[in-house]
Amino acid sequence: MNGGGKEMDPKIKILGFAGSLRKQSYNRAILAAALEMVPDVASLEIFDLEGIPPFNQDLELQPPDRVKEFKTRIRAADAILIATPEYNYSIPGVLKNAIDWASRPYGDNAFDGKPVAITGASVGMLGTARAQYDLRRSFVFLNMLPLNRPEVMVPLAQDKVDSNGRLTDEKTRKKIGELLESLIVWTEKLKGKKG
Ligand SMILES: Cc1cc2nc3c(=O)[nH]c(=O)nc-3n(C[C@H](O)[C@H](O)[C@H](O)COP(=O)(O)O)c2cc1C
């Protein structure tokens, strides 16, 4: 019976962010495609890392408002979806910087215990594989719970996203759909175990 109070939202809440600030970013395009295909049992919100300043440990006890907002949005989410480029065989500074902010101060890590899925698009042949494995290494100390499979690496992204920023490659769209489905199953499984 509804006692007039606000109903709990039963949907799995996913927060997505891209490790690129570029307007025409292929990784942003992947998240835009994910928004179009998120299953009914879940919701997806995208957070833009624009406006997060360089990390300074002197400020970690009084973080900038944009960082506070980021941490609040992470905490409100049941699961995280990251779409990252690969820069110089690793994670872009913008992404690492945002993760560092959200993990601090010590003992106040917003990512603690969160299920997370990764994807990534690059113009190279390996589709961010090296960056994704570096990111997985950080998940160990962050105590995040990464989805192992599917691994969704998107090589040659310039051939898969059109000039309007739409992911047009059907195979890649299908993989992004599978990644979302698997993240939802993984999150539900972990929630059930908590009970
Ligand atoms: C500083 C820098 C380093 C890069 N290093 C790599 C790399 O190691 N591997 C790769 O596949 N692409 C690399 N690229 C090319 C990126 O794949 C390409 O810029 C891509 O568009 C970035 O993702 P975005 O479209 O989401 O911004 C690099 C680009 C920049 C700007």
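These figures come from a predicted structure and were not determined experimentally.

Q: Honestly, helix α1 (residues 26-37) in this entry has me stumped. Any pointers?
A: The periodicity of an α-helix, 3.6 residues per turn, causes residues three or four places apart in sequence to face the same way. Across its 12 residues, α1 extends 17 Å between first and last C-alpha, which sits within 8% of the 16 Å expected from 1.5 Å per residue. Of the positions making up α1, those classed as buried are Asn-27, Ala-29, Ile-30, Leu-31, Ala-33 and Ala-34. Between the side-chain oxygen at the start of α1 and the backbone nitrogen of Asn-27 there is a gap of 3.0 Å, and the oxygen is on Ser-25.

Q: Help me understand the layout of surface pockets in this model?
A: Vacant regions in the atomic arrangement are exposed by a probe of water-molecule size rolled over the atoms. Each pocket or cavity is described by its volume, and for the largest pocket that value is around 270 Å³. Together, Lys-96, Ile-99, Asp-100, Ser-103, Arg-104, Tyr-106, Gly-107, Asn-109, Ser-138, Phe-141 and Leu-142 line the largest pocket. Taken together, the residues of the lining of the largest pocket break down into four nonpolar, four polar and three charged.

Q: Would you take a moment to explain the pattern of salt bridges for this structure?
A: Evaluation of the coordinates by the stated rule reveals 15 salt bridges. The salt bridge involving Glu-45 is made with Arg-73; its shortest N-O contact spans 2.9 Å. Here Glu-45, found in strand β2 (residues 42-47), pairs with Arg-73, found in helix α2 (residues 65-76); they are 28 residues apart in sequence, far enough to count as distant. Here Arg-73 falls in the partly exposed class, since its relative accessible area comes to 25%. Here the salt bridges share partners, and the residues they tie into one network are Glu-45, Arg-66, Glu-69 and Arg-73.

Rules used throughout
- Residues numbered from 1 in each chain as written.
- Predicted model: local features only at pLDDT ≥ 70, side-chain atom pairs only at ≥ 80, totals over all residues.
- Heavy atoms only, no water.
- Helix = DSSP H or I, 4+ residues; strand = E, 2+ residues; numbered from the N terminus.
- Expected span 1.5 Å × (residues − 1).
- Buried < 20%, exposed > 50% of the residue type's maximum accessible area, 1.4 Å probe, protein only.
- Polar contact = N/O pair within 3.5 Å; in protein donor to acceptor, adjacent residues only side chain to side chain.
- 1 Å grid on protein atoms, 1.4 Å probe; cavity = no way out; pocket = protein on both sides within 12 Å on 5 of 7 lines; lining within 4 Å.
- Points joined across faces, edges and corners; volume = space filled by probe spheres on them.
- Nonpolar A, V, L, I, M, F, W, Y, C, P; charged D, E, K, R; others polar.
- Salt bridge = Lys/Arg side-chain N within 4 Å of Asp/Glu carboxyl O.

The values reported here are purely geometric and, on their own, carry no functional implication.
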